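# What the coordinates show
Chain residues, written in single-letter form:
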Amino acid sequence: MTFPMPNLTLALPEIFVLVMVSLILIVDLFLSAKNRFVTYALTQITLLGAAWITVSTHSAVPQYTFSNMFVDDAMSDVLKLMSYVAVSVVLVYSRTYISLRGMFRGEFFALALFALLGMMVMISANHFLVLYMGLELLSLSLYAMVALQRDSALATEAAMKYFVLGALASGLLLYGMSMLYGATGSLNINQVATVIQNTTGNHVVLTFGLVFVVAGLAFKLGVVPFHMWIPDVYQGAPTAVTLFIGSAPKIAAFAFVARLLVEGLQGLVQDWQGMLVIMAFLSMAIGNITAIAQTNIKRMLAYSTISHMGFLLLGFLSGTLNGYSSSMFYVLVYVLMSVGGFGMVMLMSRQGFEAENLDDFKGLNQRSPWYAFMMLLFMFSMAGIPPTVGFYAKLSVLQAALQAGFVWLVVSAVLFSVIGAFYYLRIIKLMYFDAPQDETPIRPEGDMAMLISTNGLAVLALGILPQPLMALCAYSIQRSLL
Amino acid sequence: MNAQTLIFYFFATILLFAAARVVTARNPVHSALFLVLAFFTAAALWIMLQAEFLAIVLVLVYVGAVMVLFLFVVMMLDINYDTLREGFWDNLPFALLVAVLMAAEMAVVVAGRNFWANGSGVSPVIHGPEYSNIKELGRLIYTEYVYPFEIASVILLVAIVAAIALTLRRRKDTKYQDSAQQIAVRRNDRLRIIPVAADNKLRQKHEAVEQTEKQS
């Protein structure tokens, strides 16, 4: 038999990242602790190089390679670019934090890049097996990163919980995929979609598999009722890792849902719509209400993540291209906000002190008016208050759900986001109207100070001019999900 | 029901029994051994599916290597399994309720006539004796499935990096051997001849005794 050589240029970003991680692993061996910044610099160069390759090989029409297992389309390019940016910003924010806690090691950067590679594989997957492999690559790196702080009992416990529940979710997902394979005879996403479209009459087996697939997806997204791991992992992991988990992997999770449910199982939209409605409603309810009771800011932001993932599902369950692009807009905006929020938690921390509790934010305005203003922007944006970008993100998913006819769901979503505004505004109250508990000045490194200011101003600027980013999302969705 | 179906149900029953015992056995060594049994019967099921190579690999790798290592670990670590089991009986009713509910729901779906009405409609091809499992697997892995295969290798690399990052710690109180230094050692680095005072006294005494003997 003859086998055509796969077109490797399409997968050039992945290949480049893999080669660079291997290089970084080797170079890091020969570096003393004093010269470890070389590893950090190489990691940033890798991200920059991957971004350059992705931009320069961009094409508007979807292209397939590796026996149609790999797809390079507009959506994958945009999502990959955003993942590079997210990882790069996360590493800048984390640098001081991890070097003060003995985690400034080559493995941290290598694992971060491996996780990024997993995300890229998921974003470009056109095959159930590849989706799963990318997910495992991402998850394994994340488990290890959570446990990297060996002496912290809390981090080890979080890693164990994450690992066990993640393995369970993978099992559910694989079981569902095997059912879909049995019913359609293929693992290729395009072929599965065609077979489902040609199936007439009953599709009990497909629905049976779909239930397990959606449960697995829900685990990975962290939506109710599969959300139990999120608060524990977010609180237990070192803040730098929490920041990492809360940023780029969410973009990959979006891609995962888009590839699996939208591209592969569009024919079963009637079936998964109902499941997503329930999960979205419960996530928004439980996420927002439980967050009120939290005193630990990492835990509070974890519950806020759950409610944000509920909002993300609102766009998907509308089942229209407009809805998918508003979901994409939402996830990008969410990453921007959550990176800023957790970045502020790290900015407030210093040697031997974790700014984990809400009380640590008391009187921030007196200690540093500028950073208090930045935190105010992030909190406004998460609550969805104009003129920040969070408002438009919520507005666009609500519009999409409304057009699909889910009036009661939209009404309850608005109600829950009003309830949720309470705990975001409480932080602003603590910052501006309470006396500070400690007066230690806040002096971040120059690059972090600049980046977090840019991050905060971006939240504001995109809120005033959301059109370019929205257009980008609409463009990539229309070119990719047909 | 033909013989093949009968054999299938025979192995499937053992597999389910063994899997249940892995979780419920009190003695961890017994659990590990039941896991061996579960792997073994699963391998038998794979042989019935004409996946001989995978079945052999399962027995060689899992039963032969992984489980033996696992048994060693279970025997070497002194874990108090009673504390691990704490709360098992308290949570059992709830767990059973959920499990029974799920099983019942699945049974309703699977037992329904619609479930069997339309599969993909393709029944598996039965291959002759000349069909080589290894060859087919190799052909697929290195051509069509080369991309997932490469990702699998990256996952293994991550596993190595993670395992080393989590376990390798230089401890100050541990003594390390440097074999190069051990080999290059010379006698003078290690051996020092010390004149011992007690020895001298003994010799003097001895000499004195000899002299008196000579004189007499």
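What you see is a predicted model, and the numbers here were worked out from it, not measured in a lab. (Residues numbered from 1 in each chain as written. Chains lettered and ligands numbered in written order. Predicted model: local features only at pLDDT ≥ 70, side-chain atom pairs only at ≥ 80, totals over all residues. Heavy atoms only, no water.)

### Looking at the overall build of chain B
Within chain B, the secondary structure is distributed over eleven helices and zero strands. Secondary structure elements in chain B, listed N-terminal to C-terminal, are α-α-α-α-α-α-α-α-α-α-α. Compactness check: chain B gives a C-alpha radius of gyration of 34 Å against a globular reference of 17 Å for 216 residues, more than 25% above the reference. If you line up chain B on its principal axes, its C-alpha atoms span 120 × 50 × 35 Å. The buried share of chain B, taken over its 216 residues, is 16%. Sequence separation of at least 24 residues holds for 57% of the intrachain contacts in chain B that already meet a minimum separation of 6. Summed over its atoms, the accessible surface of chain B is roughly 17500 Å², and 66% of this surface lies on carbon and sulfur atoms. Taken as two groups, the 19 positive and 17 negative side-chain charges of chain B have centres that lie 10 Å from each other. (Helix = DSSP H or I, 4+ residues; strand = E, 2+ residues; numbered from the N terminus. Rg over C-alpha atoms; globule rule 2.2 N^0.38 Å. Buried < 20%, exposed > 50% of the residue type's maximum accessible area, 1.4 Å probe, protein only. Contact = heavy atoms within 4.5 Å. Areas by Shrake-Rupley, 256 points an atom, 1.4 Å probe, with all protein chains shown as cover. Lys, Arg positive; Asp, Glu negative; His and termini not counted. Charge placed at Lys NZ, Arg CZ, Asp CG, Glu CD.)

### Considerations on the nonpolar core
Ranked by size, the top nonpolar core spans 197 residues in total, and within it Phe108, Phe254, Trp272, Leu314 and Phe316 of chain A carry the most contacts. Once residues within four sequence positions are removed from consideration, Phe254 of chain A is found in contact with Met75, Leu79, Leu312, Phe316, Tyr324, Ser327, Met328, Val331 and Ile477 of chain A. One finds Leu58, Val63, Met67 and Leu71 of chain B within the second-largest nonpolar core, a separate group that totals ten residues. (Core = buried A, V, L, I, M, F, W, Y, C linked by side-chain atoms within 4.5 Å.)

### Some thoughts on the interface of chain A and chain B
Taken together, the contact pairs 40 residues of chain A with 28 residues of chain B. Summed over both partners, the interface of chain A with chain B buries about 3000 Å², with 77% contributed by carbon and sulfur atoms. Applying the counting criterion to the chain A and chain B interface returns three residue pairs in polar contact (both at pLDDT 80 or more). Within the residue set of the side of chain A that touches chain B, elements represented by two or more residues are helix 1 (12–29), helix 4 (106–123), helix 5 (128–146), helix 6 (153–184) and helix 8 (204–221) of chain A. Among the elements that take part in the side of chain A that touches chain B, helix 5 of chain A stands out by supplying eight residues, more than any other. (Buried area = accessible area lost by both parts, 1.4 Å probe. Polar contact = N/O pair within 3.5 Å; in protein donor to acceptor, adjacent residues only side chain to side chain.)

### Section: the packing of helix 14 (residues 321–348) of chain A against helix 16 (residues 369–383) of chain A
Residues and elements named next belong to chain A. In contact at an axis separation of 9 Å, helix 14 and helix 16 are set at 145 degrees when each is read in the N-to-C sense. Helix 14 and helix 16 meet at a crossing whose hand is left-handed. Along its contact with helix 14, which presents Met337, Ser338, Gly340, Gly341, Met344 and Leu347, the element helix 16 presents Tyr371, Met374, Met375, Phe378, Ser381 and Met382. Partitioning the contact of helix 14 with helix 16 into residue classes produces eight nonpolar, four polar and no charged. (Axes fitted to C-alpha atoms, helices over the stretch in contact; angles between N-to-C directions. Left-handed = near helix turned anticlockwise from the far one by under 90°. Nonpolar A, V, L, I, M, F, W, Y, C, P; charged D, E, K, R; others polar.)

### A word on empty space enclosed by the protein
Residues and elements named next belong to chain A. Summed over the entire model, instances satisfying the criterion amount to three cavities of 30 Å³ or more. Its boundaries defined by the atoms lining it, the largest cavity holds a volume of some 220 Å³. Along its surface, the largest cavity is lined by 18 residues, and Leu135, Leu138, Tyr162, Lys220 and Trp229 are the ones closest to its centre. At five residues, the largest contribution of residues to the lining of the largest cavity is made by helix 5. In terms of residue class, the lining of the largest cavity is built from 14 nonpolar, two polar and two charged. (1 Å grid on protein atoms, 1.4 Å probe; cavity = no way out; pocket = protein on both sides within 12 Å on 5 of 7 lines; lining within 4 Å. Points joined across faces, edges and corners; volume = space filled by probe spheres on them.)

### Looking at the side chain of Thr184 of chain A
All names here are of chain A. Within the secondary structure, Thr184 sits in helix 6. The exposure class of Thr184 is buried, given its relative accessible area of 8%. Side-chain polar atoms of Thr184 contact the backbone oxygen of Ser186, separated by 3.2 Å.

### Re the pattern of salt bridges
Opposite charge on two side chains makes pairing possible when the charged atoms of those side chains draw close. Residues and elements named next belong to chain A. The tally for this structure, following the rule as stated, stands at 15 salt bridges over all chains. With a shortest N-O distance of 3.2 Å, Glu107 and Arg105 are connected by a salt bridge. By relative accessible area, Arg105 is classed as partly exposed at 22%. Across the pair Glu356 and Lys298 runs a salt bridge, and its minimum N-O distance is 3.2 Å. (Salt bridge = Lys/Arg side-chain N within 4 Å of Asp/Glu carboxyl O.)

### Some points on the confidence of the model for chain B
Detail in the predicted coordinates should be disregarded across regions flagged by low pLDDT. Residue and element names in this part refer to chain B. Mean pLDDT for chain B: 84, with 92% of residues reaching 70 or above. Summarising per-element confidence for chain B, the mean pLDDT is lowest in helix 6 (residues 113–117) (65) and highest in helix 8 (residues 146–167) (93). For this predicted complex, the interface confidence comes out at an ipTM of 0.92, alongside a pTM of 0.89. (pLDDT = per-residue confidence, 0-100.)

### Let's talk about unusual backbone geometry
Residues and elements named next belong to chain A. Here Val224 and Pro225 are connected by a cis peptide whose omega angle stands at 5 degrees. Note on placement: Pro225 falls in the loop between helix 8 and helix 9 (229–236). For the bond from Pro386 to Pro387, the omega torsion is 10 degrees, close enough to zero to count as cis. On the secondary structure map, Pro387 appears in the loop between helix 16 and helix 17 (389–403). The phi dihedral of Asn68 falls on the positive side, at around 65 degrees, and the residue is not glycine.

### What to know about helix 6 of chain A
With 32 residues, helix 6 of chain A should cover 46 Å at 1.5 Å per step; its first-to-last C-alpha distance of 46 Å lies within 8% of that length. Immediately downstream of helix 6 of chain A, the backbone of Gly185 of chain A shows phi near 75 degrees, a positive value. (Expected span 1.5 Å × (residues − 1).)

### Here's the deal with helix 8 of chain A
Residues and elements named next belong to chain A. Counted at 1.5 Å a residue, the expected span for helix 8 with its 18 residues is 26 Å, and the 25 Å between its end C-alpha atoms agrees. Helix 8 sits mainly inside the fold: 15 of its 18 residues count as buried. Just past helix 8, the residue Gly222 takes up positive phi, approximately 80 degrees.

### Focus: a nonpolar patch on the surface
Side chains of Val68, Leu69, Phe72, Val73, Met76, Leu77, Ile79 and Leu84 of chain B sit close together on the surface and give an oily, nonpolar patch of about 790 Å² of accessible area. Of all the elements, helix 3 (residues 52–76) of chain B adds the most residues to the nonpolar patch, at five residues. (Patch = residues over 30% accessible without salt bridge, like charges linked within 9 Å, V, L, I, M, F, W, Y side chains within 5 Å.)

### Description of the domain arrangement of chain B
Entries for chain B in the domain assignment read domain 1 (1–104) and domain 2 (133–168). Taking the mean C-alpha position of each, domain 1 of chain B and domain 2 of chain B sit 25 Å from one another. (Domains from an automatic or database assignment.)

### A look at the packing of aromatic side chains
Residues and elements named next belong to chain A. Under the definition given, this model contains 27 aromatic pairs over all chains. Between Phe104 and Phe109, the ring centres sit 5.4 Å apart and the planes meet at 80 degrees, which makes this aromatic pair edge-to-face. Of the residues examined, Phe109 reaches a relative accessible area of 0% and is grouped as buried. Geometrically, the ring pair formed by Trp370 and Phe373 is tilted, given 6.0 Å between the ring centres and 45 degrees between the ring planes. With Trp370 and Phe373 both in helix 16 and three residues apart, the pair spans about one turn of that helix. Relative accessible area serves as the criterion here: at 38%, Trp370 is assigned to the partly exposed category. Overall, Phe373 belongs to the partly exposed group, its relative accessible area being 29%. (Phe/Tyr/Trp six-rings, centres within 6.5 Å; stacked < 30°, edge-to-face > 60°.)

### Describing the side chain of His227 of chain A
Residue and element names in this part refer to chain A. In this fold, His227 is placed in the loop between helix 8 and helix 9. Look at His227 and you get buried, because its relative accessible area is 8%. With near-sequence residues (within four places) excluded, His227 lies in contact with Gly222, Ile286 and Ile306.

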